[in-house]
Amino acid sequence: MESETDLLDRLRDIHLPPVPPVESGFWILALMAIGLAAGGIAVWAGLIRRPAWKRESLRELDRLDGLAPDAALFGAAALVRRVVLSLTDDPALRHLHGKAYLERLDDLFGGRFF
């Protein structure tokens, strides 16, 4: 039987893994920075190029937020009509009123909301 010192002498030293070269880490960070910058530019460009009707609608919603409830409801109904008319090419929708208009809105939005 071997002694404890003989067993300990046969053990290998601890070896640390090799250190990766600095150049590869730099390129990975550089590519990540370029990707983040490209993504930021894409998001920024997408926000700037919002359709005009959407920008105007969002401004109108902000304006309606400060009005009395009845006035805000009337303004929201007019806003829905303008948005729907701008999104559809249905000239008959312009002349609909009352229950027929609400049924057409339900058809457009796919539900029984109105």
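First, a word on what this report is: a plain description of the structure on this page. (Residues numbered from 1 in each chain as written. Predicted model: local features only at pLDDT ≥ 70, side-chain atom pairs only at ≥ 80, totals over all residues. Heavy atoms only, no water.)

## Regarding the packing of helix α3 (residues 52-65) against helix α4 (residues 69-87)
When two helices pack together, you describe them by how their axes are tilted relative to each other and by the distance separating the axes. Just so we agree on the cut-off: Each axis is a line fitted through C-alpha atoms, and for a helix only the stretch in contact is used; angles between axes span 0 to 180 degrees, taken between their N-to-C directions. Secondary structure counts use DSSP, requiring at least four H or I residues in a row for a helix and at least two E residues in a row for a strand, with both numbered from the N terminus. If an angle is under 35 degrees, it is roughly parallel; if it is over 145, roughly antiparallel; if it lies from 65 to 115, roughly perpendicular; otherwise it is oblique. Contacts are residue-level and defined by heavy atoms, with any inter-residue pair within 4.5 Å sufficient.
One way to put it is that α3 packs onto α4 with a least axis distance of 10 Å and a crossing angle of 175 degrees. The orientation of α3 with respect to α4, classified from their angle, is roughly antiparallel. Taking contact as the criterion, the partners of Trp53, Ser57, Glu60, Leu61 and Leu64 in α3 are, on α4, Ala71, Ala72, Gly75, Ala76, Leu79, Arg82, Val83, Ser86 and Leu87.

## A closer look at α4
Our working definition: One less than the residue count of a helix, multiplied by 1.5 Å, gives the span that helix is expected to have.
Its 19 residues place the ends of α4 27 Å apart at the C-alpha level, agreeing with the 27 Å of an ideal helix rising 1.5 Å per residue. Summarising the contacts, the buried residues of α4 are in contact with α3 and α5 (98-109).

## What to know about the packing of α4 against α5
The condition that has to hold: Crossings are assigned a handedness: left-handed for a near helix turned anticlockwise from the far helix by less than a right angle, right-handed for a clockwise turn. Charged means Asp, Glu, Lys or Arg here, nonpolar means Ala, Val, Leu, Ile, Met, Phe, Trp, Tyr, Cys or Pro, and polar covers whatever is left, Gly included.
Running from N to C, α4 and α5 point in directions that differ by 55 degrees, and their axes come no closer than 12 Å. Compared by their axis directions, α4 and α5 come out oblique. Between α4 and α5 lies a crossing of left-handed hand. Together, Val80, Arg81 and Val84 of α4 and Tyr101, Leu105, Leu108 and Phe109 of α5 make up the contact between the two elements. The class makeup of the residues in the contact of α4 with α5 is six nonpolar, no polar and one charged.

## Describing the packing of aromatic side chains
For the record, the criterion: Centre distance within 6.5 Å is the pairing criterion for rings of Phe, Tyr and Trp, where only the six-membered ring of Trp is used; planes under 30 degrees apart are then read as stacked, over 60 as edge-to-face, and the remainder as tilted. Whether a residue is buried, partly exposed or exposed follows from its accessible area with a 1.4 Å probe, protein chains only, as a fraction of its type maximum: under 20%, in between, or over 50%, in that order. Ring-over charges, as used throughout, are those where CZ of Arg or NZ of Lys falls within 6 Å of the ring centre and within 35 degrees of the ring normal.
Scanning the model with the defined rule gives one aromatic pair in all. With a centroid separation of 5.2 Å and 70 degrees between ring planes, the pair formed by Phe26 and Trp27 is classed as edge-to-face. Judged by relative accessible area, which is 55%, Trp27 ranks as exposed. The positively charged end of Arg81 is found above the aromatic ring belonging to Tyr101, 3.9 Å away from the centroid.

## A few points about the environment of Leu16
Its location among the elements puts Leu16 in the loop between α1 (4-10) and α2 (22-48). For the pair Leu16 and Arg63, spaced 47 residues apart in sequence, the C-alpha to C-alpha distance is 65 Å.

## Thoughts on the pattern of salt bridges
The condition is simple: Salt bridges are identified by distance alone: a Lys or Arg side-chain nitrogen within 4 Å of an Asp or Glu carboxyl oxygen.
All chains considered together, the criterion is met by one salt bridge. Note that Glu60 and Arg63 form a salt bridge whose closest N and O atoms lie 2.6 Å from each other. Placement of the pair is Glu60 and Arg63 together in helix α3, with a separation of three residues, close to one helical turn.

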